[in-house]
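# Results of the structural survey
Chain by chain, the residues:
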Amino acid sequence: MTDLADLAPLLERQFLRHGRETSIKGLLLNRAEGPSGIIRSVYGPSFCLVVQGAKLSTLGPDTYRYRAGECLIASVDVPVSARIVAASPAKPYLALSFALPPEDVTALVAEAEIAPAPAAPFAALAAGRADPSLCDPIRRLLECLDHPRDRSVLVPLIRRELVWRLLHSPLGAALAQMGARDSHGARVGRACAHIRAHYAQSLRVQDLARLAGTSVPSFHRHFKAVTTMTPVQFQKLVRLQEARRRLMSAEEVASVGYAIGYESPSQFSRDYRRLFGNPPGRDGAAIRARFAPEPALP
C-alpha cells in the first residue's frame, strides 16, 4: 500500500516534469526549497495535501497550519493568504491540490445518503490529519500525468474515490455540508462562485441573497460566518488578486484597473497598495523581474 514516503519522490519527479499547473484539470503541484513570503490567491473548492514541509494559510483572523501528512479542505471559493514555513534544498516543501467540484460532492452525498452535520455556519477552511487511505489514489492520480490516454477514464474515477475517502475522514463534515444543497455552506458557496466568476460587475447583495435562496440579513450573517468577510470585501480581494495576475503579464496598469471593475484609477492604486505593499506598476515590474528567465550564456 502506498504511504507518504512513497509519494514524496513521485510528486517531486512529476513537478520537475510537468510544472505547477498540470495537464490534469484542477491538479496543481508545488515544490519550494525555502520558506516563502505571503502568497495571496483564491482557493476554489479543493483539498491540499502536504507531503513534505509545512504551510500556513490565513483566512481573516483564523490561521491553519498543516504539515507533512496533513491536508486542508476549502469548501467554497475564498481569498486566502498563505506562506510556506518549512522547506530547504535538502528537504523541499512538496504538496498538491486537487479541485473538488461541488456537483461531484453533491452527487456522492446523495447517492450514499450521507447525512450532513446539523445545518450551521462553518469555516470555509478545515485542516487536519490526512487519512492514509488517500495515498494510494493520489499515487494513481500523479501517475496519470504520464499516461494521457488514461486520463479521461481514470481521473473522474480517482476524483470520486478521493471525495468518498475525504467524506469518511475527520474532515468529512465540511465536505458533506458543501455537498448538501440546502446547507448554509452550500448556499454561501454558490454566492462565492458567482462573485468570483463575475468579479468585474457591480455587486448587488439582493441578487446574491436570491441566488443563495435566503433573505438579505440571513445571507449577510452566514456569508461572514463562512468567509470571515462581507461580500464587498470578498469581491475586492478577488478583484485585486486578478489584477496582480494580469500585471504579471505586463498589462497596462490603467487598463487592468478598468478590466477588474474599478472606475477610479486612483482608488485602484490605493486599494492595491494597501493589500500588496506597493503601487500596481512597481509591484508588477518587481514580480516580472523575479520570474524572468536567466539570460542564456554566450
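Worth saying up front: this structure is predicted, and the values here are computed from it rather than measured.

Basis of the calculations
- Residues numbered from 1 in each chain as written.
- Predicted model: local features only at pLDDT ≥ 70, side-chain atom pairs only at ≥ 80, totals over all residues.
- Heavy atoms only, no water.
- Helix = DSSP H or I, 4+ residues; strand = E, 2+ residues; numbered from the N terminus.
- Rg over C-alpha atoms; globule rule 2.2 N^0.38 Å.
- Contact = heavy atoms within 4.5 Å.
- Areas by Shrake-Rupley, 256 points an atom, 1.4 Å probe, with all protein chains shown as cover.
- Lys, Arg positive; Asp, Glu negative; His and termini not counted.
- Charge placed at Lys NZ, Arg CZ, Asp CG, Glu CD.
- Pairing = 2+ DSSP bridges.
- Axes fitted to C-alpha atoms, helices over the stretch in contact; angles between N-to-C directions.
- Phe/Tyr/Trp six-rings, centres within 6.5 Å; stacked < 30°, edge-to-face > 60°.
- Buried < 20%, exposed > 50% of the residue type's maximum accessible area, 1.4 Å probe, protein only.
- Lys NZ or Arg CZ within 6 Å of the ring centre and 35° of its normal.
- Core = buried A, V, L, I, M, F, W, Y, C linked by side-chain atoms within 4.5 Å.
- Expected span 1.5 Å × (residues − 1).
- Polar contact = N/O pair within 3.5 Å; in protein donor to acceptor, adjacent residues only side chain to side chain.
- Bend = angle between axes of the 7 residues up to and from the residue.

### Looking at the overall build of the chain
Regarding its fold elements, the chain presents 12 helices and 9 strands. Here the C-alpha radius of gyration of the chain, 20 Å, is about what a compact globule of 298 residues would show, namely 19 Å. Across its three principal directions, the C-alpha atoms of the chain cover 65 × 55 × 35 Å. Sequence-distant contacts, at least 24 apart, represent 73% of the contacts inside the chain between residues at least 6 apart. In the form shown here, the chain has an accessible surface area of approximately 14,700 Å², with 54% of it arising from carbon and sulfur atoms. The distance from the centre of the 38 positive side-chain charges to the centre of the 27 negative ones in the chain is 6 Å.

### A few points about the sheet that holds strand β2 (residues 39-43)
In any sheet, the strands associate via hydrogen bonds between backbone groups, in a parallel or an antiparallel arrangement. Spatially, the 4 strands line up as an open sheet ordered β2-β7-β4-β5, and their pairing is antiparallel. The open sheet has two edge strands with one neighbour each: β2 and β5 (62-67). Mean inter-strand twist for the sheet, computed between neighbouring axes without regard to direction, equals 30°. Bridging between strand β4 (residues 54-59) and β5 involves 6 bridges; their strand directions are antiparallel. Note on β5: the bridge partner recorded for L56 is R65.

### Quick word on the packing of aromatic side chains
By the definition in use, this model includes 5 aromatic pairs. Ring centres of Y272 and F276 lie 4.6 Å apart, and the angle between their planes is 50°; this geometry places the pair in the tilted category. Note that Y272 and F276 are positioned in helix α11 (residues 265-276) at a spacing of 4 residues, about one turn of the helix. F276 gets classed as buried once you look at its relative accessible area, which sits at 12%. Three or more aromatic residues joined by ring pairs make a cluster, and in this case those are Y262, F268, Y272 and F276. We note R239 situated over the ring of Y262; from NZ or CZ to the ring centre the distance is 5.9 Å.

### Focus: the nonpolar core
By size, the foremost hydrophobic cluster in this structure holds 45 residues, and its most contacted members are Y43, V78, L125, F219, F223, F234 and F268. A total of 5 residues in this core trace back to one element, the largest contributor, which is helix α9 (residues 231-248). Apart from the residues lying within four places of it in its own chain, the contact partners of V78 are S41, V42, Y43, L59, A124, L125, T227 and F234. Core analysis: the next-biggest nonpolar cluster, separate from the first, contains 40 residues, F47, L96, L142 and L171 among them.

### Topic: helix α1 (residues 4-18)
Here α1 contains 15 residues, and its C-alpha end-to-end distance of 20 Å stays within 8% of the 21 Å for a straight helix at 1.5 Å per residue. For α1, the set of buried residues is L7, A8, L10, L11, Q14 and F15. Buried positions along α1 lie against β1 (27-32), β3 (46-52), β8 (93-99) and α3 (135-143).

### Some words on the environment of Y66
Mapped onto the fold, Y66 is located in strand β5. For Y66, a relative accessible area of 0% corresponds to the buried category. Separated by 18 residues in sequence, Y66 and I84 place their C-alpha atoms 9.9 Å apart. If we skip the residues at most four places from it in the chain, Y66 touches Y43, C48, V50, A54, K55, S57, C71 and L72. A polar contact is formed between the side chain of Y66 and the side chain of S57, at a distance of 2.8 Å.

### Points about the sheet that holds β8
Pairing is antiparallel across the open sheet formed by 5 strands, whose spatial order is β1-β8-β3-β6-β9. Two strands lie at the open edges of the sheet, namely β1 and β9 (125-129), each paired on one side alone. Ignoring which end each strand starts from, the neighbouring axes of this sheet average 15° apart. Here 6 bridges tie β3 to β8, and the two strands are oriented antiparallel to one another. Residue pairing for β8: F47 is matched across the bridge by F98. Set on the sheet, α3 makes contact with β1, β3 and β8; between it and β8 the angle comes to about 85°.

### With respect to helix α4 (residues 148-167)
Across its 20 residues, α4 extends 28 Å between first and last C-alpha, which sits within 8% of the 28 Å expected from 1.5 Å per residue. At L154, α4 shows its maximal bend, which comes to roughly 45°, and the proline P156 appears one to four places after that position. Considered for burial, the residues of α4 that qualify are R151, V155, I158, R159, E161, L162, V163, L166 and L167.

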